[in-house]
Amino acid sequence: MASISPYLTFAGNCEEAFSFYKSVFGGDFPYVGRFKDMPSENPVPESEGNKIMHISLPISKETTLMGSDSSEAFGHATVMGNNFSISINAENEEEAKRLFDGLSEGGKVTMPLDKTFWGALFGMFTDKFGIQWMVNYDYEQKY
């Protein structure tokens, strides 16, 4: 079955926040991606390039705290109340599609479920109750 993790969005201070969380929880960041490293048809403004596109900090075998920066330059300003999502990591492509389609029914898809440059099937939506979700299936599972 899929695992669920909290996904936090910051207004430019994601790296600072995750350094703090790491000092409390311990562990290491298996991945830190910056917007300047992301392939895109739309160039990232130089002032936004070092901001965090994605970071993760395993808290336990079952839980990973994940996060990123956002800003108006990315089309989504961070506001208290829209700064967290529930991230689902599916065990297979079929489960990812089933969960995405089921949970997004009656809601608003903000990023259709599709293959990404980081090797995953990924999509985002807000469900009909106003909760933000991300669904992810990594094609190269690391267990």
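Throughout, a residue's number is its position along its own chain's written sequence, starting from 1. Where totals are concerned, whole chains, interfaces and linings use all residues; where local detail is concerned, this predicted model gives features only for residues with pLDDT of at least 70, and gives and counts side-chain atom pairs only at 80 or more. The basis for the side-chain values is all heavy atoms of the structure; hydrogens and waters are excluded.

## Describing the packing of aromatic side chains
Right, so step 1: Here is the rule: rings of Phe, Tyr and Trp (six-membered ring for Trp) pair when centre to centre is within 6.5 Å. Planes less than 30 degrees apart are stacked, more than 60 are edge-to-face, and the remainder are tilted. If you walk through the whole model with that rule in mind, you get eight aromatic pairs.
Right, so step 2: Considering the side-chain rings of W118 and F122, the 5.3 Å spacing of their centres and the 65 degrees angle between planes classify their relative orientation as edge-to-face.
Right, so step 3: Residue burial is assigned from relative accessible area. The probe radius is 1.4 Å, only protein chains are included, and a residue is buried under 20% of its type maximum, exposed over 50%, and partly exposed in between. You can call W118 partly exposed: its relative accessible area is 37%.
Right, so step 4: Taking the relative accessible area as the measure of exposure, F122 reaches 10% and is therefore buried.
Right, so step 5: Judged by centre distance (5.2 Å) and plane angle (80 degrees), the rings of Y137 and Y139 are edge-to-face.
Right, so step 6: Ring pairs connect the aromatic residues F10, F18, F20, Y21 and F29, which therefore count as one cluster.
Right, so step 7: Consider the ring centre and the ring normal. A charge sits over the ring if Lys NZ or Arg CZ is within 6 Å of that centre and within 35 degrees of that normal. Cation over ring: K22 sits above F29, and NZ or CZ is 5.0 Å from the ring centre.

## Some points on the domain arrangement of the protein chain
Right, so step 1: Bear in mind that the domain bounds are from an automatic or database domain assignment. As far as domains go, the protein chain holds domain 1 (7-74) and domain 2 (86-138).
Right, so step 2: For domain 1 and domain 2, the distance between their C-alpha centroids amounts to 19 Å.
Right, so step 3: Across the boundary between the two partners, domain 1 contributes five residues, which contact four residues of domain 2.
Right, so step 4: Summed over both sides, the interface between domain 1 and domain 2 buries roughly 400 Å², with carbon and sulfur atoms accounting for 84% of that surface.
Right, so step 5: Buried area, as used here, totals the accessible surface that two parts lose on assembly, with accessibility defined by a 1.4 Å probe and the loss added over both. Of all residues in domain 1, the largest losses of buried area upon contact with domain 2 belong to Y7, P39 and M66, amounting jointly to 77% of the total for that side.
Right, so step 6: Just to be clear on terms, a salt bridge is a Lys or Arg side-chain nitrogen sitting within 4 Å of an Asp or Glu carboxyl oxygen. Inspection of the domain 1/domain 2 interface yields zero salt bridges.
Right, so step 7: N or O atoms closer than or at 3.5 Å make up a polar contact, with two conditions inside protein: a donor-capable atom paired with an acceptor-capable one, and, for residues adjacent in sequence, both atoms drawn from side chains. There are zero residue pairs in polar contact (both at pLDDT 80 or more) connecting domain 1 and domain 2. The contact criterion used is simple: two residues touch if any of their non-hydrogen atoms lie within 4.5 Å.

## What about the environment of T63?
Right, so step 1: Locating T63 in the fold gives a position in the loop between β3 (52-58) and β4 (64-69).
Right, so step 2: Taking the C-alpha atoms as reference, T63 lies 8.0 Å from S3; in sequence the two are 60 residues apart.
Right, so step 3: Excluding anything up to four places from it in sequence, T63 contacts P6 and P58. Each helix is a run of H or I in the DSSP string that is no shorter than four residues. Each strand is a run of E no shorter than two, and both are numbered from the N terminus.

## Things to note about the pairing of strand β5 (residues 84-89)
Right, so step 1: Here strand β1 (residues 3-10) pairs with β5 via six bridges, running antiparallel. Its bridge partner being in β5, S5 is matched across the sheet by S87.
Right, so step 2: Whether two strands pair depends on DSSP finding at least two bridges between them. For β5 and strand β8 (residues 132-138), the ladder comprises four bridges, and the chain directions are parallel. Counterpart to I86 in the pairing with β8 is W133.

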